[in-house]
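# Architecture and fold: a report
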Amino acid sequence: MIEVRGNFFHIQTRNTSYVFSKTAFGLLLHNYYGPKVNFLNFENITQKLEGGAGTSIVYEGNENLHMDLLDLEYSTVGIGDFREAAITLYHKNIGHSGSFKYQDYIIITSDNSPLPSSYGEEEVLCVTLFDEVTKMKLELFYKVFPETDIISRYAKLTNLSFETYSLFRFYSTQIDFSETDYVMMTFEGAWAKERHLVEKELVSGIYINDSKTGGSSNKANPLVILRKKNTDQDYGACFGFNLVYSGNHKTTVEVTPQHKLRFLMGINDHAFNFLLQPNSEFVTPEAVMTYTNKGLNQLSQNFHDFVNNHIVRGKHKNQIRPVLLNSWEGNYFNFDEKRILKLAKKAKEVGIELFVLDDGWFGKRNDDTSSLGDWDVNYKKLPHGLSGLAKKINKLGLDFGLWVEPEMINEDSELYRLHPDWAVQLPGRKPGIGRNQLVLDLTNKEVRDFLISKLKEVFSSCNVKYVKWDYNRNISDMYGKKLENQGEFFHLYMLGFYEIMEELTKTFPEILFEGCASGGNRFDLGMLCYFPQIWTSDDTDYLERIYIQTGTSYGYPPSAITNHVSAVPNHQTLRVTPLSSRFNLACFGNLGYELNLLDLNTEEMREIKAQIRFYKARRDIFQYGRFYRSNRSIFNDESTYFYLVSSEKDKALLGFFQALVHPALKEDKIYIQGLKEGIYTFRNKEEKHNLKKFGGLINYVSPIRIKLNGKIHNLISRVYKLKSEIEVYTVNSEMLKWSGIRLNSQFTGTGFGNKVRVLGDFGSRIYLIEKNN
C-alpha cells in the first residue's frame, strides 16, 4: 500500500512501514523504515536540527537544512553533503555537481524497467526530481510486495539538456539511518569457498562490499544484512539488501562521527564512466530491501518467498526439480558414447532422472586448452551426435542435459582463428589468460547474434531438457572493439548477456537452465531471472559445503541451490567423508550426483538407490520448505543444524551436521519452530555403520582376535552392518519450540548401544518430524 499524506510518502507491506518526505525547498528526506506503524501524524519521525550544526553547510542558505546531518532519500555531490553520494555527474563546464528537487509523483500498477527485474508487485511509486542547472530528470521507483515484506528500488536518469554528461556513479538505493549500532553481515570467499559469513561491528568509517571482476563474484556476494547487535536467528531487528544484477556491484556503508549511517547499493563505480547523451537515459538495476524484527530466519524467509514468487519465472517456477547425474568428476574429458551410455544405465538403476553431459563433447576438446567457441559435436567421441546420444539416453528412461560455456573462447579454436577480434583484449597488449581462455565481447552485436544463432542450433539438434551454462574466468583487459566509450564496457557486457538469455529462454521455455560460474561466482538475483537454479560451488566436500550452503541460505532459497554428492577423496580437498553425510547435506536443495557409478561396489550402489528414493519421497519439502537455521552455526561451533518446514506446517526435515569431534562434547539440543499446533513424532533416519569405522575397538568385544583389514575383518564388514541409534520422541509443537529435544549423547570413547549416536568426524543425521493423525 502506498499512502501520500501532505508532504509524506508512506509505503506499507504486511509488517513494515517505509516513510520519506519532501521539504518546501524540494529536498527528499528519509524518515523511517521499520515495523509497520499506524501513524496519526509524522511529527515524531521528523528530524529536528534547530540547534544548528557548527560548520555544516545549509542547503541554499535555508535555515536548519544542514546537509551533512540531514537524513536524505537520495544524495548528490557539490551541495554540502560530504558523505558518500548516490549519484555523481560531471560536465567540464559545471564540474561535479547536482541538485535534484522534487517535481511530482505518480502511483502505477507495474513498472517497465529494461533490465531483468522482479515482477508481480502490488503498486509502484515513481517520484520525479529535476535539476534546473544540468537539465537532468531523476526518477526514483519504489515497488511494493506486501506479502513478502519486500520493497525494491531503482532509479532512472534522463538527460533533457543539449549537453553530454559523464555519469561516474549511479546507485539504486540509499537509506540514511539515524542509529549506528549495527553489525554488517557480508558473504565473502573465493573459488571453492563461496559465501562464507563475515560479520563486522560498525564503528566510524566506510565499509565496502563489492565486486570488480565483471560478475557478481565469489569474492563478495551482493547480499548484505545489517542486524542489531543482539539479533539472532529467531529474534531481533535486521535489514536485508540484495541487487538484481549479475555484474560489478558495490555496497557502501558509511558511519560518521555524528553517529549517522548511510547505506548505498548499486552498480560499482569501478571503471565506470557512462556518457549520457542528450535525450538519453540510464536505468539502474533493482535493489531489494526487507526488514523484520523477528530475527535472521524471518529475514531469509522473506527473501526466499520473494525469489520463488517474484524473481524465478517460466515453466520451472515452483516446480519440482529432477535428480541428476553429472558426468564431470567421474570422467572429466575422457569419455566416449559407449562409456556415457554405461553410466546412464547405472544412473537409471539407482533412480536418477536426468543425465547431464558436461564439458568435452565439442570441437577437439580433450582438455581445457582448446575448442571453446567451436560448438560443433566431436564425432570421434559421439559418433551418433548429440541427437543420437540423447535418443539412447531417453530410451533408457532418462532426460538429457548438456553443458556449455558460450561466453568464452580458447585461442586454440576455429572461432578464434576466424574472429580474433571477438575476444576481449586491449589492442597492442598481450591479454591476461584465465583457465586457458579469453572472454567473448558481448558488447559486440555480431558476437551476440552468433551465439544466439549457434546455441539455437545446438539446443534444437537434440531433445535437451536441461542446460548447465558455465562461466569459468573473470574479465580483465576490458575493451569493446565497437565501443566509443570504454567506460561503459562492464555494464554493456552484462546487458549483452541478458539479451542473449532473454532470447534463449523465450525460444526454449521447456529447458531448465542452471547457472554456473566456476561454481558460485555469479550467484545472484539477476541470474535467477533466467536460471531457476544455480550451481552453488565447485567444492563438493561435505565440510566446506556446510559453510557454503549455510551462507547461501541467508539470501537464496533451497530451490535455487544445486548440490551434488561426489566421490571421496574429494577432488577439491582430498578429504574423506561418509557417503551418508554427503547425501544428507546435499538433500537441502536440488539433489544431484557427480561421481563414477561404474567404480562403486554393490553396497554403495544400494545405498545411493535408497538415498534417492528417500529424497524423492520428500523433495517438495527439501526444495520448497520454509528454511530455518539454528543459532548453533558452523561459523561459531563444530556442529550445526538447519531444517525445512512443509507448506502445510505439519512436517519438518532437520539436518544435523558435524565437523570434528572433540572430547567432552557439549550436549546436542534441537529446537524447531514453524509447525502448527498438534502432536508430533520426532525420529531419526536410520543409518548403518561399517564395522571398520571402529578400528581396533572391534577386538574389545570380539571373542577372537581379528586382524584389522584382514580377510575376516573384510568379510564381516561386507556382510554385517551395525544399525545406528533409534531415537523417537512424541512431542507437541510447544515442546519442540520452547523446551527442545535433548538428543542421545555421542560416542566419544566410552559406551555404545542403541541409545548412543555414533557420528565421529564429519558425521550427520537427518531427523523426520511428522504430525500424528
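Everything below is about the structure shown above.
Each value, and the rule that gives it
- Residues numbered from 1 in each chain as written.
- Predicted model: local features only at pLDDT ≥ 70, side-chain atom pairs only at ≥ 80, totals over all residues.
- Heavy atoms only, no water.
- Helix = DSSP H or I, 4+ residues; strand = E, 2+ residues; numbered from the N terminus.
- Rg over C-alpha atoms; globule rule 2.2 N^0.38 Å.
- Buried < 20%, exposed > 50% of the residue type's maximum accessible area, 1.4 Å probe, protein only.
- Contact = heavy atoms within 4.5 Å.
- Core = buried A, V, L, I, M, F, W, Y, C linked by side-chain atoms within 4.5 Å.
- Axes fitted to C-alpha atoms, helices over the stretch in contact; angles between N-to-C directions.
- Parallel < 35°, antiparallel > 145°, perpendicular 65-115°, else oblique.
- Left-handed = near helix turned anticlockwise from the far one by under 90°.
- Nonpolar A, V, L, I, M, F, W, Y, C, P; charged D, E, K, R; others polar.
- Disulfide = S-S within 2.5 Å.
- Expected span 1.5 Å × (residues − 1).

### Quick look at the overall build of the chain
For the chain, the count of helices and strands is 15 helices and 40 strands. The C-alpha radius of gyration of the chain comes to 28 Å, within 12% of the 28 Å expected for a compact globule of 773 residues. Overall, the C-alpha framework of the chain stretches about 95 × 70 × 40 Å when taken along its three principal axes. Expressed as a percentage of its 773 residues, the buried residues of the chain come to 61%. Partitioning the intrachain contacts of the chain with sequence separation of at least 6 by distance along the chain shows that 70% fall at a separation of at least 24.

### Some words on the nonpolar core
The biggest cluster of nonpolar side chains holds 179 residues, and the ones touching the most others in it are Leu157, Leu357, Trp361, Leu386, Phe400, Phe459 and Tyr593. The leading source of residues in this core is helix 7 (residues 489-507), at nine residues. Not counting chain neighbours up to four residues away, the residues in contact with Leu357 comprise Ser327, Phe335, Ile340, Leu382, Leu386, Leu389, Phe400, Gly401, Leu402 and Trp403. The next biggest cluster of nonpolar side chains, apart from the first, holds 19 residues, and it includes Tyr643, Ala652, Leu675 and Phe682.

### Structural notes on the packing of helix 9 (residues 542-553) against helix 10 (residues 579-586)
The contact between helix 9 and helix 10 brings their axes to 10 Å, and the two run at 15°. The pairing of helix 9 with helix 10 is recorded here as roughly parallel in orientation. The crossing of helix 9 and helix 10 is left-handed. Of helix 10, the residues touching helix 9 (which contributes Tyr542, Arg545, Ile546 and Gln549) are Ser581, Arg582 and Leu585. Its residues placed into classes, the contact of helix 9 with helix 10 shows three nonpolar, two polar and two charged.

### A few points about the state of the cysteines
Under the definition given, this model contains zero disulfides. Cys529 takes part in no disulfide bond, and the closest cysteine sulfur to it belongs to Cys516, at a distance of 18 Å.

### Examining helix 1 (residues 295-310)
Between its first and last C-alpha atoms helix 1 spans 22 Å; for 16 residues at 1.5 Å apiece the expected length is 22 Å, and the two agree. Most of helix 1 sits inside the fold, with 13 of its 16 residues counted as buried.

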